[in-house]
Amino acid sequence: MTYDRLLVKLSGEALLGKVGYGIDPGVLESIAGEVRSLVGAGIQLGIVIGGGNIFRGAGLAESGMDRTTGDHIGMLATVINALALQDSLERRGMHVRVMSAIRINEVCEDFLRRRAIRHLEKGRVVVLAAGTGNPYFTTDSAAALRAVELEARLMIKATRVDGVFSMDPEKHPGAVRYDRLTYDEVIERKLGVMDATAIVLCRDHAMPIRVMDMARRGALLRAARGDPVGSLIEAAPDTETAHA
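Computed from a predicted structure; not experimentally measured.

Quick look at the overall build of the chain
Helix and strand counts for the chain stand at 9 helices and 11 strands. In terms of overall size, the chain behaves like a compact globule, its C-alpha atoms giving a radius of gyration of 17 Å where 244 residues would be expected to give roughly 18 Å. Projected onto the principal axes, the alpha-carbon positions of the chain cover approximately 50 × 45 × 35 Å. For the chain, restricting intrachain contacts to residue pairs at least 6 apart in sequence, the fraction spanning at least 24 positions comes to 69%. Accessible area of the chain: about 11800 Å², with a carbon and sulfur share of 49%. A gap of 5 Å separates the mean positions of the 31 positive and 31 negative side-chain charges of the chain.

Set out below in structure tokens:
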């Protein structure tokens, strides 16, 4: 495998499937099958999960709710999703640990970097909940932070579309898909695939990002092999040469 340790960012919306709110059990089963193929190939895997299928703190803040309160509620929503994912993975025979950035010891572990790395080294899937544990930071930023902390080889942003496009392809059929981009191109073109904080953090630590449609069967395993799935965001070639 080209990448033996992955960090996957899975949005809460991805769990909706065909239901309007909450979690579609069929989607959980599909995700579990994809994760199982990675574990079977010996890939160490961390998953940062969002909570937008249940609650979006930023959205309600626009309606007048205190932003900090809204973000804390959103963090709890990610814990709900993480526990649901843990159950689905364990029913497939995988060993899973849910680690939260906020203390909620009755249902999961606190996030400790060294302990998380140890879980990965033992072949356990680590599901990371509650974002960074701080308000005003998205789960995209949390994924970038955890990818760097856990020394992942690749960060995967799982979306509903297969890559990064010039415009929203669900609204604009003529949108152009990019195979490869640099971090600075994503920021300068305001492509919006992830928030700027996450992109800058990945850029500063040379963390490559693969944006792809996780719903495509076998896509995760192909990404771990280094196949050209979706879109790749990485440093410019001259920057890589300078670092070398």
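Back to the write-up after that little detour.
Some details on the pairing of strand β11 (residues 231–234)
Sheet faces and side chains relate simply in a regular strand, where the side chains alternate between the two faces. Of the two faces of β11, the one holding Ser 231 and Ile 233 and the one holding Leu 232 and Glu 234 are both buried throughout. Relative to β11, strand β9 (residues 180–182) runs parallel, the two being bridged by 3 bridges. When the bridges of β11 are listed, Thr 182 appears paired with Glu 234.

Quick notes on unusual backbone geometry
Backbone geometry places Ala 130, a non-glycine residue, at a positive phi of 70 degrees. Secondary-structure assignment places Ala 130 in the loop between β5 (125–129) and α5 (139–149). Residue classification places Ala 130 among the buried positions, given a relative accessible area of 1%. At Glu 151, a position not held by glycine, the phi torsion is positive, near 55 degrees. You can see Glu 151 is positioned in the loop between α5 and β6 (154–159). A relative accessible area of 43% places Glu 151 in the partly exposed class.

Section: the nonpolar core
Counting residues in each nonpolar core, the largest one holds 41 residues, and the members touching the most others are Leu 6, Leu 89 and Val 127. Aside from chain neighbours lying at most four places away, what touches Leu 89 is Ala 32, Val 35, Met 94, Val 96, Val 125 and Val 127. Counting 32 residues, the second largest nonpolar core, distinct from the first, contains Leu 128, Ala 144, Leu 181 and Ile 233.

What about the pairing of β6?
The element β6 is largely enclosed, with a buried count of 5 among its 6 residues. In this structure, strand β1 (residues 5–10) lies alongside β6, joined through 5 bridges in parallel fashion. By the bridge assignment, Leu 10 is partnered in β6 with Ala 158. Here β6 runs beside strand β10 (residues 209–213); their pairing, made up of 5 bridges, is parallel. Paired with Met 155 across the bridge in β10 is Ile 209.

A short note on the packing of helix α1 (residues 25–40) against helix α3 (residues 67–90)
Between α1 and α3, the shortest axis-to-axis distance is 9 Å and the interhelical angle comes to 60 degrees. Classified by the angle their axes make, α1 and α3 are oblique. By crossing handedness, the relation of α1 to α3 is classed as right-handed. Residues Leu 28, Glu 29, Ile 31, Ala 32 and Val 35 of α1 pack against Ala 84, Leu 85, Ser 88 and Leu 89 of α3.

Some details on the pattern of salt bridges
The tally for this structure, following the rule as stated, stands at 19 salt bridges. Between Asp 4 and Arg 153 there is a salt bridge, with the nearest N and O atoms lying 3.3 Å from each other. With a gap of 149 residues between them, Asp 4 in the segment before β1 and Arg 153 in the loop between α5 and β6 connect regions that are remote in the sequence. Overall, the relative accessible area of 38% leaves Arg 153 in the partly exposed class. Of the charged contacts, one joins Glu 109 and Arg 115 as a salt bridge, the two residues approaching to 3.9 Å between their closest N and O atoms. Salt bridges here are not isolated pairs; linked through shared partners, they connect Glu 29, Asp 87, Arg 91 and Arg 92.

Brief notes about the sheet that holds β9
Strand order in the open sheet formed by 9 strands is β4-β3-β5-β2-β1-β6-β10-β11-β9, and the pairing between neighbours is mixed. In the strand order of this sheet, the two ends are held by β4 (109–110) and β9, each with one partner. Contacting β2 (44–49), β3 (96–100) and β5, α3 runs over the sheet at an angle of about 170 degrees to β3.

So, the confidence of the model for the chain
Predicted coordinates in areas of low pLDDT are best not read in detail. Mean pLDDT over the chain stands at 92; residues scoring 70 or higher make up 96%. Counting interchain partners and residues more than four positions distant, the pLDDT-below-50 stretch residues 240–244 has 2 contacts.

Thresholds, definitions, all that
- In every chain, residue numbers begin from 1 and rise along the written sequence.
- Since the coordinates come from a predicted model, pLDDT governs what is reported: local features require at least 70, and pairs of side-chain atoms require 80 or more to be given and counted, while whole-chain, interface and lining totals use all residues.
- As a rule here, side-chain values come from all non-hydrogen atoms in the structure, and water together with hydrogens is ignored.
- Every helix listed is a DSSP run of H or I at least four residues long, and every strand listed is a run of E at least two residues long, numbered separately from the N terminus.
- Values of the radius of gyration come from C-alpha atoms, whereas the globule rule sets the reference at 2.2 Å times the count of residues to the power 0.38.
- Here, residues are in contact when the closest pair of their heavy atoms is within 4.5 Å.
- In short, Shrake-Rupley with a 1.4 Å probe defines the accessible areas, and a residue's cover is counted only from the protein chains shown.
- Positive charges come from Lys and Arg alone, negative charges from Asp and Glu alone, with His and the N- and C-terminal ends not counted.
- A charged residue contributes its charge at one atom only: NZ of Lys, CZ of Arg, CG of Asp or CD of Glu.
- Burial classes follow relative accessibility: with a 1.4 Å probe on protein chains only, a residue under 20% of its type's maximum area counts as buried, one over 50% as exposed, and anything between as partly exposed.
- Two strands are counted as paired when DSSP detects at least two bridges linking them.
- Put simply, a nonpolar core is a bunch of buried Ala, Val, Leu, Ile, Met, Phe, Trp, Tyr and Cys residues held in one set by side-chain atoms that sit within 4.5 Å of each other.
- Fitted lines through C-alpha atoms serve as axes, helices being fitted only where they are in contact, and the angles separating the N-to-C directions of these axes extend from 0 to 180 degrees.
- Our angle categories are set so that under 35 degrees counts as roughly parallel, over 145 as roughly antiparallel, 65 to 115 as roughly perpendicular, and the remainder as oblique.
- Less than a right angle of anticlockwise turn of the near helix away from the far helix marks a crossing as left-handed, whereas a clockwise turn marks it as right-handed.
- Criterion for a salt bridge: a side-chain nitrogen of Lys or Arg within 4 Å of a carboxyl oxygen of Asp or Glu.
- Confidence of the predictor in every single residue is expressed as pLDDT, which spans 0 to 100.

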